[in-house]
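Residue-level structure breakdown
Letter by letter, the chains look like this.
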Amino acid sequence: MGFFRVKKSILNGNVRISGAKNAALPILAASLLTNDEVIIKNVPDLLDVQTMLCIIRESGRNVEFKDGVVKINSNVSNGTISYELVRKMRASFNVLGPLAAILGEAKVALPGGCAIGVRPVDFHIEGLKKLGFEIEIEHGEVRAKFNKKENEVVISLPFPSVGATEHLMTTAAILNGTTIIENAAMEPEIEDLQNFLNGMGAKISGAGSKTIIVEGVNSLNGNIHEVIPDRIEAGTYAIAIAATGGKGYIEKVNPSHLDALWQVLKDTGTKLEIFEDKVFVDGTGEKRSTKINILPYPGFPTDLQPQIMVYLSVAKGTSTISENVFKNRFLHVDELVRMGADIYLTNGTAIINGVEKLSGAKVEGTDLRASAALIIAGLIAEGITEVYNDYHVLRGYENIVEKIRGLNGEIEHLG
Ligand code: EPZ
């Protein structure tokens, strides 16, 4: 089993942010809506992206991926995606609607459990039904068959789910009539998906607000698109620099996508200078405690919750973090406690009593962001930390070892 060995370091320097995984994945899924050539730039080379490319190949399309550029051409011919691919990544489920819309019928395995808690796909399924698909769930697979769509469909999501918003707006793009998605997620990745689809000839408006309106078109054409910067990767490095007491620039980022993080860092004693496409982080001051409510965008992102918890674990005073997106996304807490943090959980809230220092230990990453948080914990802890289950990190952080070393951090990938 591979692991990362991390030593106490002060991060200083510059780090360049890659394209956003969570924008690239839905954009790649949406490329199944055309048989024309699609070129997507600034795509990070990550395990999750490779899984999505395998799915696109399985659908019959031809895929090339080199130097951050994905080229997809030839026809979609197969609508059955194997369990092995869906099992590796939940976002695979989002090809069901596009495949069924273009081929008339498709079958994708139902995603299983997940370390960050129960993650059902009921909003996706109810939405697809409203869009006119007959849905059958049997033997762990979901079959969607297009029947007939009403001229105007309103889908009101019970919670602003990122995946359901993306899945339904993509599918509706080539279905007749108007689709209105209410209580839509407002994440920047959804706006990027809207721009990609509109570049293919779709008529979608409202992404970035609570209501998305899709005017269906008959077919979509090819497109060339550049994926937005990864705000979660940027936030992870900003927190890492601040937590280690270092100084540095986060480059090639859209700072307006991270306002909630900048507010928390400033409130807790980290100095920031925000430029158009970079942010200077100065973590040399004393850190103070705060209260954070994890909420859908524009709230503080759940994907930075474990990382900010590490930062607060060595801040002066008692902090609280209430998780309102994935209520049980707290598996990293026990590992941080093993490293000397003083954290306990009560009703979906973590109470963090700041300690003087953490101490290095062998710890296990349970998901992508928890693993990134444990690497940050390793960078501030006395001695050596080994973070096991390396594959989680490889799913979502491009060149993490090179990037941390570029900031003078001591890290090795072994095993
Ligand atoms: C996306 O997951 C991201 N993944 C996640 O990033 C991120 O944590 C999450 O959004 C929240 O921001 C990708 O973009 C590929 P949701 P998603 O549907 O779409 C409930 C990472 O580390 N829900 O917005 O799966 C759900 O259980 C990953 O990069 C239902 O109940 O998240 C959760 O409580 C991890 N029924 C809430 O909604 C549904 O049908 C939000 O989930 C769908 C969701």
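Described below are features of the structure shown in this document. These numbers were taken from a predicted model, which means no experiment stands behind them. (Residues numbered from 1 in each chain as written. Predicted model: local features only at pLDDT ≥ 70, side-chain atom pairs only at ≥ 80, totals over all residues. Heavy atoms only, no water.)

Concerning the site of the ligand
What surrounds the ligand is a group of 22 residues, the closest being D122, S161, G163, D303 and V325. In the model, an oxygen atom of the ligand is placed 2.7 Å from a nitrogen or oxygen of the R369 side chain. Contact with the protein chains hides 85% of the accessible area of the ligand, taken as 830 Å² for the molecule alone. Only α1 (21-30), α5 (122-130), α6 (162-172) and α12 (368-380) provide two or more residues apiece to the shell around the ligand. Tallied by class, residues from the shell around the ligand come to 11 nonpolar, five polar and six charged. For the shell around the ligand, the domains that each give at least three residues are domain 1 (3-18 + 229-414) and domain 2 (21-226). (Near = heavy atom within 4 Å. Polar contact = N/O pair within 3.5 Å; in protein donor to acceptor, adjacent residues only side chain to side chain. Areas by Shrake-Rupley, 256 points an atom, 1.4 Å probe, with all protein chains shown as cover. Helix = DSSP H or I, 4+ residues; strand = E, 2+ residues; numbered from the N terminus. Nonpolar A, V, L, I, M, F, W, Y, C, P; charged D, E, K, R; others polar. Domains from an automatic or database assignment.)

Considering the layout of surface pockets
By volume, the second largest pocket amounts to about 340 Å³. If you trace the second largest pocket, you find 18 residues lining it, with A243, V314, V355, E356 and K357 closest to the centre. Per-class residue counts for the lining of the second largest pocket are seven nonpolar, four polar and seven charged. (1 Å grid on protein atoms, 1.4 Å probe; cavity = no way out; pocket = protein on both sides within 12 Å on 5 of 7 lines; lining within 4 Å. Points joined across faces, edges and corners; volume = space filled by probe spheres on them.)

Considerations on empty space enclosed by the protein
All chains considered together, the criterion is met by two cavities of 30 Å³ or more. In this structure, the largest cavity occupies an estimated 50 Å³ of space. Taken together, T236, Y237, A240, A372, I375, I376, L379, I400 and I404 make up the lining of the largest cavity. Elements with a contribution of two residues or more to the lining of the largest cavity: α8 (231-243), α12 and α14 (400-406). By residue number, the principal contributor to the lining of the largest cavity is α12, which donates four residues. When its residues are assigned to classes, the lining of the largest cavity shows eight nonpolar, one polar and no charged.

A few points about helix α7 (residues 188-199)
Each α-helix turn comprises 3.6 residues. Residues three or four places apart therefore point the same way. Relative to the 16 Å expected for 12 residues at 1.5 Å per residue, α7 spans 17 Å between its end C-alpha atoms, a close match to the ideal helical length. All buried positions along α7 are accounted for by P188, E189, I190, D192, L193, Q194, F196 and L197. After α7 finishes, the residue G201 shows a positive phi value of roughly 110 degrees. (Expected span 1.5 Å × (residues − 1). Buried < 20%, exposed > 50% of the residue type's maximum accessible area, 1.4 Å probe, protein only.)

What about the sheet that holds strand β18 (residues 291-294)?
Taken together, four strands build an open sheet; the order of strands is β18-β19-β21-β20 and the sheet is mixed. Each edge of the open sheet carries a strand with a single partner, namely β18 and β20 (342-346). In this sheet, adjacent strand axes meet at a mean angle of 15 degrees when their direction is disregarded. Across five bridges, β20 lies against strand β21 (residues 349-353) in antiparallel orientation. If you follow T346 over to β21, its bridge partner there is T349. (Pairing = 2+ DSSP bridges. Axes fitted to C-alpha atoms, helices over the stretch in contact; angles between N-to-C directions.)

Considering the side chain of E398
Within the secondary structure layout, E398 lies in the loop between α13 (391-396) and α14. Although E398 lies buried, it forms no salt bridge, and the closest oppositely charged side chain, K403, sits 4.8 Å away as judged by the N-O distance. Among the polar contacts made by the side chain of E398, one reaches the side chain of S18 at a distance of 2.6 Å. Engagement of the side chain of E398 in a polar contact is seen with the backbone nitrogen of D45, the distance being 2.6 Å. What E398 contacts, discounting residues up to four positions off in sequence, is S18, V43, P44, D45, L46, E233 and K403. (Lys, Arg positive; Asp, Glu negative; His and termini not counted. Salt bridge = Lys/Arg side-chain N within 4 Å of Asp/Glu carboxyl O. Contact = heavy atoms within 4.5 Å.)

Observations regarding unusual backbone geometry
Cis geometry marks the peptide bond from Y297 to P298, where omega comes out at 10 degrees. In this fold, P298 is placed in the loop between β18 and α10 (305-313). Backbone geometry places K252, a non-glycine residue, at a positive phi of 60 degrees. By the secondary structure assignment, K252 is in the loop between β15 (247-251) and α9 (259-267). Residue K252 is classed as partly exposed on the basis of its relative accessible area of 30%. In this structure, N408 takes a positive phi of about 70 degrees despite not being glycine. Among the structural elements, N408 can be located in the loop between α14 and β24 (410-414).

Some words on the environment of V108
Within the secondary structure, V108 is located in strand β7 (residues 105-109). Under the relative-accessibility criterion, V108 is labelled buried at 0%. With 28 residues separating them in the primary sequence, V108 and T80 have C-alpha atoms 6.0 Å apart. Discounting chain neighbours no more than four positions away, the residues touching V108 are I81, V86, S92, F93, V95, L96, E141 and V142.

Quick look at the pattern of salt bridges
For the coordinates displayed, the defined rule picks out 15 salt bridges. Overlapping salt bridges, with partners in common, bring together R5, K362, E386 and E412 in one network.

Shape is all these values report; function is a separate question.
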